[in-house]
Each structure stands twice: as C-alpha cells, then as structure tokens.
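One-letter residues, chain by chain:
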Amino acid sequence: MTLLIDPVLDLPTGRVPDPEEFIAAAMRWHFSPETGSPYWLERARTLDFDPRRDVRTFADLRLFPNVVNELRNVPVRDLVPRGYGTSPHIVGVYESGGTTGAPKRVPLLADWADRFVSWCAGYMDERGHPRGAHWLAVIPTGPHIWGEMVARQARHRGGFVSYVDLDPRWVKKCLAEGRTEEAERYAAHVIAQAEFVLDDQDIGVLVTTPPLLERLARSERLVELVNDKVRAIIWGGAHMDPDTRDLLRTEVFPGVQLFGQYGSTMILGGMVEREGIDDACVFDPFTPYVTFSVIDPESGKEVAHGERGQVVMNFVSKSGLLPNNLERDLATRIAPLPGQIGDSVADVSPVPSFDNEAVIEGVY
Amino acid sequence: MEAGHGGPIPLDALGPRGPHRTRNRQTVPDVTGRPVTELSLVPRLFVQRSLAALRKAPPLDADELSAVLARAGEAFATGTVGGVPADAYRHRVSRVTGLPVSVVHKATEHIAHCAREVFHTVECARPRGTVSHWQDPLTRRGTGIWTRRGDVFAVHAAGNHPGVHALWLEALALGYRTAVRPSSREPFTPQRLVTALRESGIGDDRLVLLPTDHTVADDIISGADLSLVYGGDPVVTKYRSDPTVLTQGPGRSKILLCAGEDPAAALETIVASVSEEAGTACVNTTAVLVDGDPAPVAEALAERLAALPSLPPEDDKAVLPVHPVAGARALEKHLLEHTGGGTVRLGGDGIVEELGDGSAVLRPAVIQLDRADAPQAGMELPFPCVWVAPWAPADGIAPLTNTLVLTVFGGDEALIERLIAEPSIRNIHLGDRPTHWMAPGVPHDGHLAEFLMRSKGIVRSATAGPWREG
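Bear in mind that the values here come from a model prediction, so they are computed numbers and not experimental data. (Residues numbered from 1 in each chain as written. Chains lettered and ligands numbered in written order. Predicted model: local features only at pLDDT ≥ 70, side-chain atom pairs only at ≥ 80, totals over all residues. Heavy atoms only, no water.)

## Notes on the layout of surface pockets
Residues and elements named next belong to chain B. In this model, the second largest pocket occupies a volume close to 720 Å³. Taken together, 36 residues make up the lining of the second largest pocket; nearest its centre are His110, Gly163, Ala166, Met438 and His444. Elements with a contribution of two residues or more to the lining of the second largest pocket: α4 (101-125), α5 (169-173) and β14 (245-248). With eight residues, the single largest contributor to the lining of the second largest pocket is α4. Split into classes, the residues belonging to the lining of the second largest pocket amount to 20 nonpolar, 11 polar and five charged. Looking at which domains feed residues into the lining of the second largest pocket, each of domain 1 (9-249) and domain 2 (253-430) gives three or more. (1 Å grid on protein atoms, 1.4 Å probe; cavity = no way out; pocket = protein on both sides within 12 Å on 5 of 7 lines; lining within 4 Å. Points joined across faces, edges and corners; volume = space filled by probe spheres on them. Helix = DSSP H or I, 4+ residues; strand = E, 2+ residues; numbered from the N terminus. Nonpolar A, V, L, I, M, F, W, Y, C, P; charged D, E, K, R; others polar. Domains from an automatic or database assignment.)

Below is the structure:
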C-alpha cells in the first residue's frame, strides 16, 4: 500500500511542494479506491465533477461543496484515508466548539500532528521563544485539538506544559442564555487556578484566549507576575480586536512577545501571526496544506487585497481533505508571503450583527 | 479645529494617561449625513484599565474641587477648550443633534451655572442629621456623617440634549472618580466638559471619557460602584433590579388644567412647556389634561405651535429640532400610525419639512384624545408633540402618574396632597411654572446625591485619637 503514496504528500518539513503537483497528488490519494477515505469515496459519487480530473489548482478547490456540517455525524473512522492501512496512528478525535448544535468531529493523524508541530516549532525558534520552558496553557483541552497541539509544541522544543482546563461550550451557553454573571464567575475560577501556577512555577510561555488574557490583565498582581516570568504569550481560540492587541503589547505586557494563532478544528491547527507588524494582526497559513481566500459573501467572488470579506479555508493533506469551508469570520485580505498559496488574512473578527433601526420612544 | 474641507476630525477617548485614539471608530454625522467626527471606541481592556486607575486615584479635597468645577464650567461655556472656541462647539452640537443653536447656547450656560452652584446643590441634598466632616464638633455627641457609597461613578450619557451633562458634576463634587460614556449621537458636550475639567486641574485619573460600542457598555457599569444610565423603557426595565444603577427614562411630563382655570391664561406656559428646548427634553410636556372641553385648548395650542418657523438648526432664530430626512420620516410614520382615534389638530398632513440638504425640520403635532387614560398620552417623542385629553376628578389621578414633572393649574388641596404623595410623580409645579422650569438645588428626579451618598453613624470621645479638635 505504501507504494501508492506520492512523495509530494510526504515531503519533509521545510520543503514546500509544487502547488499543482501537490493538488494532483492529493486528489489521486483522496479519490482513489485504494487510498481514499470511505467518506470521500462515497461522497464523490454525488459530486458533479471528478476531483481527479477537474481539480488541478488551488482555485479549483472551490468546486467542492462545503462538507463540514456532515462531520457532525460521519463515523470518524470513515474519514481516515484507506491508504494509511489497517492500523492508522490516530492521535485522537477532536471536535469543533459546538456552538451551533452537535459538534463536528475530525481524526488527528500522527503524521499531520508531527508536520504541523514542527512547522510551529520552526517559527518559534526564529522568533527566539524560550526553549525548554515550562508552559502554562489556560485553554480548552479534552475534545478540543488545541490542548494536544500545545503539549506537542512544548515537548518538541524541550519543554513541558501545565494546564488549566476550561469548557468553552459552557461559557458560550451561559452567554447565550444571558447568564453573564455565571460566565464571569467561571472565568474568575479559571484565572484563580492560573494564578497558583504563575505564582509557584517558573512559567516561560503562557497560552490562553483573548478574553482570559483580558480577565488576567484586570489583576495588577497577575500582570506583574506575567511580566516578571513569561517571555512569550500565545493567544488564540477567539478574536482579538486591534485596539486590545495594541494595549496588550504596549501598555500591559510591553516586555513580552505576544503573538496570535488563528486556528480552527476544520484545518486541524492554526495559522501564525506575522512578526513585526504593529498596526494589523496578519495571519499566515501553513502553505500549501492550509490555504485561505477572502470572499464577498454576497457574490462569492474574492475581494481585493486590503478589502474585508468572509474567510474560506481549505485543508489539504495526506491525512485529510476539508476544502472550501466558509467560516463565520470576517477578515482583511492580505497579499501572501513569497511562495505561499492563497492569501493571508488580517484583523479577523466575527461577522457583525446590526441593530435594527426601529423607533424607540422617549427622548434619549 | 473645525472640520473645514478635510475629512472628519477625530474625537479621542480621554483615558487616565491622556487622549487615546483607537482604530475602531464610529463616524458621527451631522443632520445631513455628512461625517463630522470619528469617535474612538475603546475596547473592554481600556475600560477595565481606566476604571482601575480611577479607583486608585485619591479624591481631590472639596476646596480644590470647588475651584476646579467653577473654572471648568466657565471655560466650557465661554472659553476655548481643547483648542475649540465656544461658538464653534455650539455650532457643531447644533449641526449634529439638530437642536436649535439657541437651545445649545442656553444649555451650555446652564451647565456653567450648575458647575458654579454644584456644592450648594449637593448640600441641599444632605440630610439635616448629618455633618460633612468627622472633625465637626457635633460628632462628639454622636451624629450622622454623610459619606459616599462608593468611589467610582459611571454615566451612560444621553445625546438628546447637552443639559443632561450638568447632573454628573454633582458626583464629581461629592468626590466620586467618574467615567462618562458619551452617546455616539452627540459626544462633543461630554468631551468638551471633561476636557475643560482636565484643563482646570481635575486630574486625568479622576475623570475619563470612555466611548464604547454597546458590547462593552455594560462593562463600564459592572466595573463602577454606582452608575447613572439614560434610556428608553427597555433600558429602565433592564436595570430595574440592579441597586447600583439609577436610570433616567422617559419623562412623560404633563400639565393638568383644573376646572375653573382660564385656558387662555395658561396657554403661554403650556406652549413653552411643549416647545421650549425644541421639545427634546424629558421635562417637555407630553400630555395636557383638561378638566372640561379639551378642544379649545388643543386648537389654541395648535394655532400657536403652527406659527413656529422651520429653520436650519444653526440659525439663531431656529426653535424646532432637525433630523436626517430618513429618521424624520420614520418618526412621522410612527406618530401617524399611533394617533388611534385621536383628532389631529396639528401635524395631520405630516410633521416633516425638508430643508433640501438631506435634513428635515420636525414640526409640532397636537393630537386631541377622547379620554384621559388613552395610552397615546404616554408617547414621548423628540419634538414638540403633545396629546390633549379630557380629565375629570372621577378619572382619579392614574392618568397623571408616571410623570417626571407635573404642572397643575388650580386644583383643590385634597388633589394637590394626593399628587404630592404619589411616588411616580417626581416633581410638582403649582400654577404658572412650565414643566421645564429647573433650578440648582431643586431636585430633578430626586437628588442624585440621594443615590450616591449614605449617612454613617459617628461618635467620638473627648480622648479619641492623637488629633486635636478641628
């Protein structure tokens, strides 16, 4: 079976495959009866095109329907390409946030985890993040992929992780039901646990979400602890507006490297914030495995560079195929780095909701 | 400092470290839709840090505060503040809110007057059984001392009328460190007043201006000890059960003309109550109740109000409010859909007079209703719009309740006693006093200090402490 693996799908980290060769190899892999996953082989029968024949470039990925909603009930085993043989190394099954009904599930295969983590380790080295550090991750673990990836990133760079776990679904539920006080108490409970670790341990890297970072920044004592000990803060899992980012970088944690990851379970990882840009938070994807485009949701057409639109993500690797996924995020389309496929994105924010313009009585 | 031919000028947040410009900005247009300013909206983190700074700052002592407030009020009304002369400021407020510039002028003088009088005003609210300072000799035999219920006070301000900003000066005078969240409709007045206070030496960490979008608005309230929030009925309902929030809702001010009173003699006061302040204030009369035939009153009112001119807001002779055409049309539609079975004495053909530049004057409306408890009589709209209904003693005082200001012409003692005892009527004016009459020291919706202060018991023995008698 291994003979069927096209080497272009298995290049070592640091070598970027030729885009068209890569797409062709990926289509052959995912849609050949010998190597494709049961899910995609079955799904291909309902497509009005032949992926192996018609999908030749990254732009052609737009031919695919957005299938992520089907991942709520597909047996996870059916998502693993047959080419991995009878005992694939599945690190775990991970789920989306689960804000709208049942969560979407994906299997994390060991080769993708290794590939993604060595890419992350590469840029952390370039930026001089501490090696061998004690990390503190105040993030969702359990069904969420982030905890697993952070453990691997720390280990890969000679470090180890303390966790404070949290359940984002509970928080979202509280907020949706208007129980903001309960969400607030929960955040306080999480931060109190983090305080013990920050107090007693020599934490070099802090991983958390923007709302928790904001919550942490309320305590002068915690801010001091972080500024004393932590050399890099990695944030992700939620949006951070540019003004908050600016305050955190310049006023709250001026001596700490602060950088964001824009992640999604549907790309089995995250993109990294481009270094050295003050006025915008630009995310670059792990090309060519993760690619973005930014479209006008009305017309479906790509917006111009510098314009805002809705983010479309593609995940294409040996371990899986999740193309043409329209996320509920808005972002500015940014020109890619040299050699990168698709676009980068900046200043990601949720799709806004508008107040209605009904007349409210009264003079105020 | 006027926008001139360039783009809109930015209006910064005023944080504990000085002015702060954000990337997230909201365009504030004038009544024609032309952008006038870009308001910097601060994120939650900035709110948190600002409130923390307020909490840390010690209050100024009363003498210093008194001087700062008086100086700032004067500069606000007549001087150049943040580089903006008073007339440029008034013009801008007038163009953005559509309030007649003369109303803005009066409001700025009112604010300066309130700033001068603020210590007298809060002193009017102090319970007689309390002293202000613990070294007062009365504390030796035991008394009350008037103290703050907290340190940090927040205001969600309204943008309908600059005059609302006179009120929070009382919190400053009582030593509260204060955060003002301006209305995005009219951020200029609080920005100017905060700037004037800062230029007069209040201290940047004692008074901040925090424009935010609605997602962060509640963080200001939850981070402050006590808050004052302006809004419509939904806002009042939202905070009803929160003891740290005082709401200022619709005024639904009314005039009662009792039997035997001459409507002609009261007409001047009624016209003024409906139309002064361009009908935009909570103290403007929303309903007139007449013991007798309401028709002659409604007709006379309609005749007088019909004569008011339609002018652009910055015209010195303007007296009516101006809105963008779309907003004006929406209000017109809302009004005409809700007149019920009323007889429209003025405004039946519409209340919108377009000025041709994208803005429109909201002209007065007079609607006569056939019963005292018609629900429309409680509909308060931001222009001179008045409901005239019959009332008889048999109707009881229910139609007169839920009222910020009630002016009563005539009436027997029993009626007046009942109205004074009624908790939902917050001010009573007897006789020829319009509903918009106000004076420092006279409560507006209770004294703000009733909400901000409490009496604490204090007694000291002759041997107490190392200090000497003060």
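## Topic: the state of the cysteines
Residues and elements named next belong to chain B. Taken as a whole and judged by the stated rule, the model has zero disulfides over all chains. As a non-bridged cysteine, cysteine 385 has cysteine 282 as the owner of its nearest cysteine sulfur, 16 Å distant. Relative accessible area serves as the criterion here: at 4%, cysteine 385 is assigned to the buried category. (Disulfide = S-S within 2.5 Å. Buried < 20%, exposed > 50% of the residue type's maximum accessible area, 1.4 Å probe, protein only.)

## Digging into unusual backbone geometry
Of note, the amide linkage connecting A:Thr287 to A:Pro288 takes the cis form, showing an omega dihedral of 0°. You can see A:Pro288 is positioned in the loop between β9 (282-284) and β10 (290-295). Even without a glycine there, the phi angle at A:Asn324 is positive, about 55°. Inspection of the secondary structure puts A:Asn324 in strand β12 (residues 320-334). Positive phi is not limited to glycine here, since B:Asn402 has a value of about 50°.

## Observations concerning the packing of aromatic side chains
Residue and element names in this part refer to chain A. Taken as a whole, this structure holds 22 aromatic pairs over all chains when the rule is applied. The interplanar angle of 70° and the centroid separation of 5.3 Å between the aromatic rings of tyrosine 39 and tryptophan 40 together place this pair among those described as edge-to-face. Of the residues examined, tryptophan 40 reaches a relative accessible area of 3% and is grouped as buried. Ring plane angle 80° and centroid distance 5.2 Å describe the contact between phenylalanine 49 and phenylalanine 64, whose orientation is recorded as edge-to-face. Of the two residues, phenylalanine 49 sits in the loop between α2 (38-44) and α3 (51-54) while phenylalanine 64 sits in the loop between α3 and β1 (90-95), which places them 15 residues apart along the sequence. Exposure remark for phenylalanine 49: the relative accessible area of 9% places this residue in the buried category. Using a relative accessible area of 1% as the deciding quantity, one classes phenylalanine 64 as buried. Each member of the aromatic cluster is reached from another via a ring pair, and the members are Phe22, Phe58, Trp112, Phe116, Trp119, Tyr123, Phe259, Phe286, Tyr289 and Phe315. (Phe/Tyr/Trp six-rings, centres within 6.5 Å; stacked < 30°, edge-to-face > 60°.)

## Examining the pairing of strand β5 (residues 35-40) of chain B
Looking along a regular strand, one sees side chains alternate from face to face of the sheet. Residues and elements named next belong to chain B. Pairing of strand β1 (residues 9-11) with β5 involves three bridges; the strand directions are parallel. Counted as the bridge partner of leucine 11 is leucine 39 from β5. Sheet topology places strand β4 (residues 25-29) next to β5; five bridges connect them, and they run antiparallel. Along β5, the bridge assignment pairs proline 29 with proline 35. In sequence, β4 turns back onto β5 through a hairpin of five residues, with glycine 33 there showing a positive phi of about 95°. (Pairing = 2+ DSSP bridges.)

## Overview of the side chain of A:Asp284
Residue and element names in this part refer to chain A. Here aspartate 284 is to be found in strand β9. On the basis of relative accessible area, aspartate 284 is assigned to the buried category, the value being 6%. A polar atom in the side chain of aspartate 284 sits 2.8 Å from the side chain of arginine 274. If we skip the residues at most four places from it in the chain, aspartate 284 touches Trp119, Met271, Val272, Arg274, Leu337, Gln340 and Ser344. (Polar contact = N/O pair within 3.5 Å; in protein donor to acceptor, adjacent residues only side chain to side chain. Contact = heavy atoms within 4.5 Å.)

## Looking at the domain arrangement of chain B
Residues and elements named next belong to chain B. According to the domain assignment, chain B consists of domain 1 (9-249) and domain 2 (253-430). Contact with domain 1, which involves 15 residues of that partner, is made by 19 residues of domain 2. Interface area for domain 1 against domain 2, summed over the two sides, is near 1,400 Å², with a carbon-plus-sulfur share of 51%. Counting the contacts that link domain 1 with domain 2 gives three salt bridges. The salt bridge partner of arginine 95 is glutamate 314, with a shortest N-O separation of 2.9 Å. Counting across the domain 1 and domain 2 interface gives eight residue pairs in polar contact (both at pLDDT 80 or more). Broken down by secondary-structure element, the contributors of at least two residues to the side of domain 1 that touches domain 2 are α3 (86-97) and α4. When the residues that make up the side of domain 1 that touches domain 2 are grouped by side-chain class, the tally is five nonpolar, eight polar and two charged. (Buried area = accessible area lost by both parts, 1.4 Å probe. Salt bridge = Lys/Arg side-chain N within 4 Å of Asp/Glu carboxyl O.)

## Section: the environment of B:Ile416
Residues and elements named next belong to chain B. As for its placement among the helices and strands, isoleucine 416 is situated in helix α12 (residues 413-421). For isoleucine 416, a relative accessible area of 15% translates into the label buried. The spacing of isoleucine 416 and isoleucine 428 is 12 residues in sequence and 8.9 Å in space, taken between C-alpha atoms. Discounting residues that sit within four places of it in the chain, isoleucine 416 has contacts with Val408, Gly410, Gly411 and Leu430.

## Let's talk about the interface of chain B and chain A
In this complex, chain B contributes 34 residues to the contact, which on the side of chain A involves 21 residues. On the chain B side of the contact with chain A, B:Arg23, B:Leu45 and B:Arg49 bury the most area, a combined 28% of that side's loss. Our count for the chain B to chain A interface comes out at five salt bridges. In this structure, the salt-bridge partner of A:Glu251 is B:Arg49, at a minimum N-O distance of 3.4 Å. If you list the elements that add at least two residues to the side of chain B that touches chain A, you get α1 (44-56) and α11 (325-337) of chain B. Counting residues per element, the side of chain B that touches chain A draws most heavily on α1(B), which supplies six residues. Considered class by class, the residues forming the side of chain B that touches chain A number 15 nonpolar, 12 polar and seven charged.

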